[in-house]
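Geometric and topological summary
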Amino acid sequence: AFSARFQLGMLNSHRRMYSEDKVTPMKYRSRKQWFAGPTAVFLMSLSLTVSAAGNRAFIPMGMADSVGVMDLENNRLTSTIAGTVNTHGSALTPDGRFLIVGSLTAHDSKKMPARPAGVSADDHAAHHGGGSSAAPDASTGRIFVVNTNTNVVDRVLEVPGPVHHVLVTTDGRYAVSTHPMGGGISVLDLVSGEVVEVIATGPSPNYVTTANNGKTLFVSNTGNGTVSEIDTRNWFVKRNMRIGGGPEHMVLSADGDHLYVNDAASGEVAALKLADGTVTARYKIGDAPHGLDLSADGEFLFATSRGDERIVRLGLNNNSRTSAQLAPAPYHLAVSPVNGSLLVTSRGEPKLWILDPESLTILKEVTLEGVGHQISIDGQ
């Protein structure tokens, strides 16, 4: 368990970071099974084949309580997914049939989680906070499972706290969420609807990405300047690598040797060599770097600087650096698989820019219903 002093410091830090998103704290749980409310068995395909719908971008729009669906062939919004609450993190299952989106707003659970077979009623009640008269935990979070064929929310599952970013494992079985108020991640089984692991990584966990064919996860911990490496076969932290500053968004290099990590405190991207956990290079981005992605060939790294209101293009092979003004407040970023163009949302206005990846000029502006967050793209 975290000390009261540690929890207070972490809470104050993240209240400042997410005040505009109205985050409320979650009660952090020990690393044990935590069961979601009763749900029907989720019969989903675990196929790695991309759905025929393809070439779509899904854009959670935060406090607008919706997710936008964009056709990447003509860069226009085609529909809106309703029924979500302050969704920030998003990820697609490998077959593209389901979108997993997490709410950054705490949820007051009204139900005691289902009691697993073989567990007594008293033991189950004790595990969830006391005797049979104990009140349900009031600081859970929510994961919305969206059918991408119908753009309708199929299920709403509970996780232990507000969700920042989301990842779906390469086998399509689990949704992994970072919980900024809880100091760790949760692992949600998408078949059973149960949270099967809660793993402490560090204060203010921000982003999660995968490597080694899904056998490894990396979690950036903004609160203590580290990146945690997690073994997904046994769900434990193998090592913590020191970045310093405030690591946030991450992307794996094309050869898998380095992890590029946004350091919001220094305004740089750190190149973390995974073989020995050392930082081999730092690239200047600008004040408050946020979005981060690689070109399809892995030769160029793109990043946004909210504070300087610029988009930056780094040539990793020739150490080139190009930037262009982009205002207001460029935020999340993703590279389109259709033509390599950049999708960049604005923190200051409800819109998304389509940028040319070479000149960094604006090709199109798309109006959104709210602020666009973690973009998910079919086939990636």
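Note that the coordinates shown come from a computational prediction; the quantities given were computed from them, not determined experimentally.

With that settled, the discussion passes to the overall build of the protein. When its secondary structure is counted, the protein shows two helices and 28 strands. Residues classed as buried in the protein amount to 57% of the 380 residues present. In the protein, of all internal contacts separated by at least 6 residues, the share reaching a separation of at least 24 is 49%. Summed over all atoms, the accessible surface of the protein reaches about 15,100 Å², with 48% contributed by carbon and sulfur.

Attention now moves to the sheet that holds strand S18 (residues 268-273). Ordered in space as S16-S17-S18-S19, the four strands form an open sheet in which the pairing is antiparallel. Each of the sheet's edge strands pairs with one partner strand only, and the pair in question is strand S16 (247-252) and strand S19 (278-284). With direction set aside, neighbouring strand axes in the sheet form an average angle of 25°. Of the pairings in the sheet, the one linking S18 to S19 comprises six bridges and is antiparallel in character.

Below, the discussion takes up the environment of Arg-282. Along the chain, Arg-282 falls in strand S19. Sequence spacing of Arg-282 and Leu-272 is 10 residues, and the spatial spacing of their C-alpha atoms is 9.1 Å. Engagement of the side chain of Arg-282 in a polar contact is seen with the side chain of Asp-263, the distance being 3.4 Å. Among the polar contacts made by the side chain of Arg-282, one reaches the side chain of Glu-268 at a distance of 3.3 Å.

One finds Ile-100, Ile-143, Val-145, Val-159, Val-166, Leu-188 and Leu-190 to be the most contacted residues of the largest nonpolar core, which totals 15 residues. Listing elements by their share of this core, those giving two or more residues are strand S5 (98-103), strand S6 (141-147), strand S7 (152-159), strand S8 (166-168) and strand S11 (195-200).

All right, on to unusual backbone geometry then. In this structure, the amide linkage connecting Ala-327 to the following residue, Pro-328, adopts the cis form with an omega of 5°. Within the element layout of this structure, Pro-328 appears in the loop between strand S23 (320-325) and strand S24 (330-335). Residue Ser-204 is not a glycine yet carries a positive backbone phi of 55°. Structurally, Ser-204 is set in the loop between S11 and strand S12 (205-211). The exposure class assigned to Ser-204 is buried, which follows from its relative accessible area of 2%. Positive phi values are uncommon outside glycine, yet Asn-212 reaches one of about 55°. Inspection of the secondary structure puts Asn-212 in the loop between S12 and strand S13 (216-221).

What follows is about the sheet that holds strand S22 (residues 310-315). Here we have four strands laid out as an open sheet, ordered S20-S21-S22-S23, and antiparallel in their pairing. Among the strands making up the open sheet, the edge pair consists of strand S20 (289-294) and S23. The sheet shows a mean angle of 20° between the axes of neighbouring strands, taken without regard to direction. Direction of pairing for strand S21 (residues 300-305) relative to S22: antiparallel, over a ladder of six bridges. For Phe-300, the partnering residue across the bridge sits in S22 and is Gly-315.

On a regular strand, one side chain projects to one face of the sheet and the next to the other, so that they alternate. Of the strand pairs in this sheet, S22 and S23 are connected by six bridges, and their pairing is antiparallel. In the strand pairing of S23, Arg-313 is matched with Thr-322. Count of turn residues in the S22/S23 antiparallel hairpin: four residues, of which Asn-319 carries a positive phi of about 60°.

Relative to strand S27 (residues 362-367), strand S26 (residues 351-355) runs antiparallel, the two sharing five bridges. Paired with Ile-354 across the strands is Lys-364, a residue of S27. Connecting S26 to the antiparallel partner S27 that follows it, the hairpin turn spans six residues, and Leu-360 within it adopts a positive phi of roughly 65°.

Before going further, it helps to examine the pattern of salt bridges. According to the stated counting rule, one finds nine salt bridges in the structure shown. Linking Lys-238 and Glu-229 is a salt bridge whose minimum nitrogen-to-oxygen distance equals 3.6 Å. For Lys-238, a relative accessible area of 44% puts it in the partly exposed group. With a shortest N-O distance of 3.5 Å, Asp-231 and Arg-233 are connected by a salt bridge. Of the residues examined, Asp-231 reaches a relative accessible area of 6% and is grouped as buried.

Moving on: the confidence of the model for the protein. Mean pLDDT for the protein: 84, with 78% of residues reaching 70 or above. Note on residues 1-53: pLDDT is under 50 here. Beyond four places in sequence and across chains, it has 132 contacts. Predicted confidence for residues 121-138 stays below pLDDT 50, and this span has 27 contacts to residues more than four positions away or in other chains.

All right, on to the environment of Asp-378 then. Here Asp-378 lies in the segment after strand S28 (376-377). Assessed through its relative accessible area of 3%, Asp-378 is described here as buried. For Asp-378 and Pro-94, which are 284 residues apart along the polypeptide, the C-alpha to C-alpha distance reads 8.4 Å.

This paragraph deals with the packing of aromatic side chains. All told, the structure shown has one aromatic pair when counted by the stated rule. With a centroid separation of 5.8 Å and an interplanar angle of 80°, the aromatic rings of Tyr-174 and Trp-235 are classed as edge-to-face. Highlighted residues: Tyr-174 in strand S9 (residues 174-179) and Trp-235 in the loop between strand S14 (226-231) and strand S15 (236-242), separated in sequence by 61 residues. Taking NZ or CZ as reference, Arg-313 lies 3.8 Å from the ring centre of Phe-300, over its face.

Rules and cut-offs
Position numbers for residues count from 1 along each chain, tracking the sequence in the order it is written. Where local features are concerned, this predicted model is filtered to residues with pLDDT of at least 70; where side-chain atom pairs are given and counted, the filter is 80 or more; whole-chain, interface and lining totals use all residues. Excluded from the side-chain calculations are hydrogens and water; all other atoms, namely the structure's heavy atoms, are used. Secondary structure elements are defined from DSSP: runs of H or I of at least 4 residues count as helices, runs of E of at least 2 residues count as strands, and each element is numbered from the N terminus. Think of it in three bands: residues with accessible area under 20% of the maximum for their type are buried, residues over 50% are exposed, and the middle band is partly exposed, with areas taken using a 1.4 Å probe on protein chains only. Contact criterion: two residues are considered in contact whenever any of their non-hydrogen atoms come within 4.5 Å of each other. To measure how exposed things are, a 1.4 Å probe is used in the Shrake-Rupley method; for residues, cover is taken only from the protein chains shown. Criterion used throughout: strands pair if DSSP finds at least two bridges between them. The axes used here are C-alpha line fits, helices contributing only the stretch in contact, and every angle between their N-to-C directions lies in the interval 0 to 180 degrees. Under this definition, polar contacts are N or O atom pairs within 3.5 Å; protein pairs additionally need one hydrogen-donor-capable and one acceptor-capable atom, and for neighbouring residues in sequence, both atoms have to be side-chain atoms. Only buried Ala, Val, Leu, Ile, Met, Phe, Trp, Tyr and Cys residues count toward a nonpolar core, and they belong to the same one when joined by side-chain atoms within 4.5 Å. The salt bridge definition used is simple: a Lys or Arg side-chain nitrogen within 4 Å of an Asp or Glu carboxyl oxygen. Per residue, pLDDT measures the predictor's confidence, with a range of 0 to 100. Only Phe, Tyr and Trp rings are paired, with Trp represented by its six-membered ring, and only when their centres lie within 6.5 Å; those with planes under 30 degrees apart are stacked, over 60 edge-to-face, the remainder tilted. Two thresholds decide whether a charge sits over a ring: the Lys NZ or Arg CZ must be within 6 Å of the ring centre and within 35 degrees of the ring normal.

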